[in-house]
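Chain residues, written in single-letter form:
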Amino acid sequence: MGRLAETDRFLSQSHDQNVEKFPGAGTARLDQWLKILLDQKGSDLLLVPGTPPSIRFEGEVHRLDEEPLQGPDIAAAVLPALTQYALQLYRRDHIGDSSYRIEGVGRFRINLHHERGTAAAAIRALPSKIPSIHELNLPPGVESLARLRRGLVLVGGATGSGKSTTLAALIDEINRHEARHIITIEDPVEYEHLHIKSVVEQVEIGVDAPDFPTALRAALRQAPDIIVVGEMRDPETMHIAVAAAETGHLVFSTLHTTDVPSTVSRVSDSFPLERQHTIRQELAMALAAVLVQTLLPNKNGGRVPAAELLIVGYGARQHIRRNAL
């Protein structure tokens, strides 16, 4: 009943209400910082009380030459950029995620949260161009994931390790070479895909659907060939994704993990103990591949990926069934 009530409340809001801006303030100050972020080719803007606005560049954080911010300064700058849905979540839970666009400049992913009782924010620049698999310098076997017809593909890694970029590159590879129906479910949408050879629908949590399980169930009724679940955060989403992969869909998703064994175990360990054996059996049948990546400093500047890739075969399936990871 709780989820149905939440869905009803969400569906009672129009799309226009969801993109309404926080009243009484503007985004000029935030826009200025974000333009500096892009000018300096940074990846993230960090707004934390007690320190000036900071930019992450090639993994290192650099402070701007400004006065230290306080929580009310950060709230005043960021709240107007949130969608109405993200604003409601922030007011309720002190955490809100939202996409944000500056016309002619770029798109961004905002996370507004609380730190020591007051507002703080981390804002990521979303590249307008989707890189190719080759440009990402990933192992050659990664490209083969775009040629799979069914199964579950998990991409693991820490925050900022490039998981979403890898998924976008794989979907772009499919989009350029195959005529498929692709549905992405993200919070928020990061890379925007054109309809090239495939038809690509992009569902944003908080704007187009209230949560991942609801969006994923709906997607299964829309005759997709490929489903991208931006992140598997809860057992319900995991169970639906595994079932979809078992029934013939190609499903891509990400997890915050550090290696292949922990990525596999994260799924089964998310369920109550009495259900873990059943989930392992289902996962052993559904799983097609696991890619885990991290980014390391390059001696010539920039960062390069270090990755491990498991293409799941008979032996790996037996290990998953026995939980011998």
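Everything numeric here is computed off the predicted structure, so don't read it as measured data.

Engineer: Teacher, can you tell me more about the sheet that holds strand E2 (residues 54–57) here?
Structural biologist: Within a sheet, adjacent strands bond to each other through the backbone by hydrogen bonds, running parallel or antiparallel. One open sheet holds the six strands; their spatial order is E3-E2-E1-E6-E5-E4, and the pairing between them is antiparallel. Lying at the two open borders of the sheet, with one neighbouring strand each, are strand E3 (60–63) and strand E4 (95–102). Shown here is a sheet whose adjacent strand axes are inclined to one another by a mean of 25°, direction ignored. Most of the contacts of helix H5 (residues 84–93) go to E4, to which it runs at about 150°, and overall it touches E4, strand E5 (106–115) and strand E6 (118–126).

Engineer: Could you clarify how one ought to interpret the environment of Ile 55 in this entry?
Structural biologist: The topology assignment puts Ile 55 in strand E2. Residues Ile 55 and Ile 123, 68 residues apart in the sequence, show an inter-C-alpha distance of 9.6 Å. Residue contacts for Ile 55: discarding those within four places in its chain leaves Ile 36, Leu 37, Gln 40, Gly 42, Asp 44, Leu 45, Glu 60, Val 61, His 62 and Leu 64.

Engineer: Would you mind going over the packing of helix H8 (residues 235–246) against helix H10 (residues 273–286) with me for this structure?
Structural biologist: Any two packed helices are characterised by the angle at which their axes cross and by the distance between the axes. As a packed pair, H8 and H10 sit with axes 9 Å apart at the nearest point and diverge in direction by 40°. Between H8 and H10, the angle is such that the two are oblique. Along this stretch, H8 crosses H10, giving a crossing that reads as left-handed. Residues His 239, Val 242, Ala 245 and Glu 246 of H8 pack against Arg 275, Ile 279, Glu 282, Leu 283, Met 285 and Ala 286 of H10. Split by residue class, the contact of H8 with H10 holds six nonpolar, one polar and three charged.

Engineer: What exactly am I supposed to notice about the packing of helix H9 (residues 260–269) against H10 here?
Structural biologist: Relative orientation of the contacting elements H9 and H10 amounts to 135°, with a least axis distance of 8 Å. As far as their axial angle goes, H10 and H9 are oblique. Together, Val 264, Val 267, Ser 268 and Asp 269 of H9 and Gln 276, Ile 279, Arg 280 and Leu 283 of H10 make up the contact between the two elements. Of the residues contributing to the contact of H9 with H10, the split by class is four nonpolar, two polar and two charged.

Engineer: Just to check I follow, could you spell out the side chain of Glu 282 for this structure?
Structural biologist: Following the sequence through the fold, Glu 282 ends up in helix H10. At 6.3 Å, Arg 275 is the nearest oppositely charged side chain to Glu 282, a buried residue that forms no salt bridge. If we ignore the near neighbours within four places in the chain, the residues touching Glu 282 are His 239, Val 242 and Glu 246.

Engineer: Even after reading the chapter, I still don't get the pattern of salt bridges, so can you show me in this structure?
Structural biologist: Any two side chains of opposite charge can pair, given that their charged atoms come close. In this structure the tally under the stated criterion is 15 salt bridges. Taking the shortest distance from any N to any O, the salt bridge between Arg 109 and Glu 190 comes out at 2.1 Å. Highlighted residues: Arg 109 in strand E5 and Glu 190 in the loop between strand E8 (181–186) and strand E9 (199–204), separated in sequence by 81 residues. The class for Arg 109 is partly exposed, based on a relative accessible area of 21%. Among the residues examined, Glu 190 registers a relative accessible area of 10% and is labelled buried. A salt bridge links Arg 233 to Glu 231, with the shortest nitrogen-to-oxygen separation between them at 3.5 Å.

Engineer: Even after reading the chapter, I still don't get helix H4 (residues 71–78), so can you show me in this structure?
Structural biologist: For an α-helix the count is 3.6 residues per turn, leaving residues at separations of three or four pointing the same way. Listing the buried residues of H4 in full gives Gly 71, Ile 74, Ala 75, Ala 77 and Val 78. The arc enclosing the buried residues of H4, seen along the axis, measures out at 165°, which places them on a common side. On its buried side, H4 packs onto helix H3 (28–39), strand E1 (44–47), E5 and E6.

Engineer: What's the story with the sheet that holds strand E11 (residues 250–255) in this structure? I'm lost.
Structural biologist: Spatially, E9-E8-E10-E11-E7-E12-E13 is the arrangement adopted by the seven strands of the open sheet, whose pairing is mixed. In this open sheet, the two edge strands, each paired with only one partner strand, are E9 and strand E13 (303–311). For this sheet the average axis-to-axis angle between neighbouring strands, irrespective of direction, equals 15°. Relative to E11, strand E7 (residues 151–156) is paired through six bridges, and the arrangement is parallel. Within the sheet, the bridge partner assigned to Val 155 lies in E11 and is Thr 254.

Rules behind the numbers
Residues numbered from 1 in each chain as written. Predicted model: local features only at pLDDT ≥ 70, side-chain atom pairs only at ≥ 80, totals over all residues. Heavy atoms only, no water. Pairing = 2+ DSSP bridges. Helix = DSSP H or I, 4+ residues; strand = E, 2+ residues; numbered from the N terminus. Axes fitted to C-alpha atoms, helices over the stretch in contact; angles between N-to-C directions. Contact = heavy atoms within 4.5 Å. Parallel < 35°, antiparallel > 145°, perpendicular 65-115°, else oblique. Left-handed = near helix turned anticlockwise from the far one by under 90°. Nonpolar A, V, L, I, M, F, W, Y, C, P; charged D, E, K, R; others polar. Buried < 20%, exposed > 50% of the residue type's maximum accessible area, 1.4 Å probe, protein only. Lys, Arg positive; Asp, Glu negative; His and termini not counted. Salt bridge = Lys/Arg side-chain N within 4 Å of Asp/Glu carboxyl O. Arc of directions from axis to C-beta.

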